[in-house]
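Single-letter residue listing:
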Amino acid sequence: MISRSSLSISSSATGCHKAALVLFSGGQDSTTCLAQALARHERVETLGFDYGQRHGVEMQVRLRARQALADAFPEWRGRLGEDHVLSLDVLSQIGGSSLTDDVAFEMQADGLPNTFVPGRNLLFLTLAGALAYRRGLSVIVTGVCETDFSGYPDCRDDTMKAMQLALNLGLERRLLIETPLMWLDKAQTWQLAQELGGDRLVELIRKETHTCYLGVREQLHDWGYGCGECPACRLRAQGWERWERQQKG
Ligand code: ZN
């Protein structure tokens, strides 16, 4: 009888990844990542984190976006496995970020926006690694990006490579961290969605995902729902407008 561990070694040796865990917040980026993972991997599970975000929209939207993907893409439905949510209250206990505390968005003295939650992605990936270990998943997918980012040091390619090494050593398991958006700007992320699932996927991402830091979902803009003013909305709107111009040009 072949043991479970020898199976996982043989599948990674052939370069054929069977099962992935997608860090999934229900935003534009992680939904695009989830779509790409469903197109590439045979089994895909999702992971969200509840860390005392100022609004509860993210936790609702991510479930609806997952369901919308399964409904709109029958070819992906059978690959979409369990959803997991882990509680990370400890991040709001540390405090000091406008994502978790009721303070206005502003730049910090170190040049980073105060939306930065120190250590957030490091914790996310550590827990994702632990869950992947338990679930027998060999790939972790995250939508971090170095191109259009806000300067967050825990989104950098070097940070991801270091985390992959730390997880491989600390868990004694061959885990791959995939970052499909690392070198894309927001316009290219819309383009990737178009290539993966055509207008159907672009419309789904426009209407079913959520990016706004303030949790506003009253008004549907060309680029989706949001306040239109916060840094996340502005980035998303600028990316959409650039992508539309590129398509017309
Ligand atoms: Zn907003």
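What this report covers is the structure whose coordinates are included nearby. All values derive from a computational prediction rather than experimental measurement.

What counts as what
Residues numbered from 1 in each chain as written. Predicted model: local features only at pLDDT ≥ 70, side-chain atom pairs only at ≥ 80, totals over all residues. Heavy atoms only, no water. Helix = DSSP H or I, 4+ residues; strand = E, 2+ residues; numbered from the N terminus. Buried < 20%, exposed > 50% of the residue type's maximum accessible area, 1.4 Å probe, protein only. Contact = heavy atoms within 4.5 Å. Areas by Shrake-Rupley, 256 points an atom, 1.4 Å probe, with all protein chains shown as cover. Lys, Arg positive; Asp, Glu negative; His and termini not counted. Salt bridge = Lys/Arg side-chain N within 4 Å of Asp/Glu carboxyl O. Polar contact = N/O pair within 3.5 Å; in protein donor to acceptor, adjacent residues only side chain to side chain. Donors = N, O, S within 2.8 Å, 3.2 Å for Na, K, Ca; no water. Tetrahedral: all angles 85-135°; square planar, octahedral: opposite > 155°, others 65-115°. Core = buried A, V, L, I, M, F, W, Y, C linked by side-chain atoms within 4.5 Å. Phe/Tyr/Trp six-rings, centres within 6.5 Å; stacked < 30°, edge-to-face > 60°. Lys NZ or Arg CZ within 6 Å of the ring centre and 35° of its normal. Patch = residues over 30% accessible without salt bridge, like charges linked within 9 Å, V, L, I, M, F, W, Y side chains within 5 Å. Pairing = 2+ DSSP bridges. Right-handed = clockwise from strand over helix to strand, strands pointing away.

## Observations concerning the overall build of the chain
Per the secondary structure count, the chain includes nine helices and seven strands. Sorting the 249 residues of the chain into buried and exposed places 50% on the buried side. Considering only contacts in the chain between residues 6 or more positions apart, those separated by 24 or more positions represent 67%. Carbon and sulfur atoms make up 52% of the accessible area of the chain, which totals about 12,000 Å².

## Observations regarding the side chain of Asp 154
Topologically, Asp 154 is positioned in the loop between β4 (139-141) and α7 (157-171). For the buried Asp 154, which has no salt bridge, the nearest side chain bearing the opposite charge is Arg 120, at an N-O separation of 5.3 Å. Of note is the side chain of Asp 154, whose polar atom sits 3.1 Å from the backbone nitrogen of Asn 121. Residue contacts for Asp 154: discarding those within four places in its chain leaves Phe 116, Val 117, Gly 119, Arg 120, Asn 121, Leu 122, Val 144, Thr 159 and Met 160.

## Some details on the environment of Glu 229
Its place among the elements puts Glu 229 in the loop between β7 (224-225) and α9 (231-248). When the C-alpha atoms of Glu 229 and Cys 212 are compared, they prove to be 8.7 Å apart, with 17 residues separating the residues in sequence.

## Overview of the coordination of the zinc ion
The protein atoms that coordinate the zinc ion are Cys 212 (SG), Cys 227 (SG), Cys 230 (SG) and Cys 233 (SG), at distances spanning 2.3 to 2.4 Å. Around the zinc ion sit four donor atoms; with metal-centred angles ranging over 106 to 116 degrees, the donor geometry is tetrahedral. Summarised as a motif, the one-chain spacing of the donors to the zinc ion is C-x14-C-x2-C-x2-C. Here the residue Cys 212 occupies a position in the loop between α8 (186-208) and β6 (220-221), and Cys 227 occupies one in the loop between β7 and α9, the gap between them amounting to 15 residues. For Cys 212, a relative accessible area of 1% gives the class buried. Cys 227 gets classed as partly exposed once you look at its relative accessible area, which sits at 23%.

## Let's talk about the nonpolar core
Of all hydrophobic cores here, the largest spans 64 residues; its most connected members are Val 22, Leu 34, Leu 69, Ile 140 and Leu 201. A total of eight residues in this core trace back to one element, the largest contributor, which is α8. Beyond its immediate stretch of four places on either side in the chain, Leu 34 contacts Val 22, Phe 24, Val 44, Thr 46, Arg 66, Leu 69 and Leu 80.

## A short note on the packing of aromatic side chains
According to the stated counting rule, one finds six aromatic pairs in the structure shown. Among the aromatic residues, those joined into a cluster by ring pairs are Phe 49, Tyr 51 and Phe 124. A cation sits over an aromatic face here: Arg 173 above Tyr 133, 4.2 Å from the ring centre.

## Focus: a nonpolar patch on the surface
Taken together, Val 90, Ile 94 and Leu 123 make up a surface patch of nonpolar side chains, about 240 Å² in accessible area. Looking at where Val 90 falls in the secondary structure, it is placed in helix α5 (residues 90-94). By relative accessible area, which is 37% here, Val 90 ends up partly exposed.

## Description of the pairing of strand β1 (residues 19-23)
Most of β1 is tucked away: five of the five residues are buried. Burial along β1 is two-sided: Ala 19, Leu 21 and Leu 23 facing one way and Ala 20 and Val 22 facing the other are all buried. Relative to strand β2 (residues 43-50), β1 is paired through five bridges, and the arrangement is parallel. Note that in β2 the partner of Val 22 across the bridge is Thr 46. Viewed along the sheet, the connection from β1 through helix α2 (residues 28-40) into β2 turns out right-handed. Both β1 and β4 contribute to a ladder of three bridges, which runs parallel.

## Details of the environment of Glu 146
Examined against the element boundaries, Glu 146 turns out to sit in the loop between β4 and α7. Glu 146 sits 36 residues away from Met 182 along the chain, and the two C-alpha atoms are 5.4 Å apart. The contact partners of Glu 146, leaving out residues within four places of it in the chain, are Cys 155, Arg 156, Asp 157, Met 182 and Trp 183. A distance of 2.8 Å separates the side chain of Glu 146 from the backbone nitrogen of Asp 157, its partner in a polar contact.

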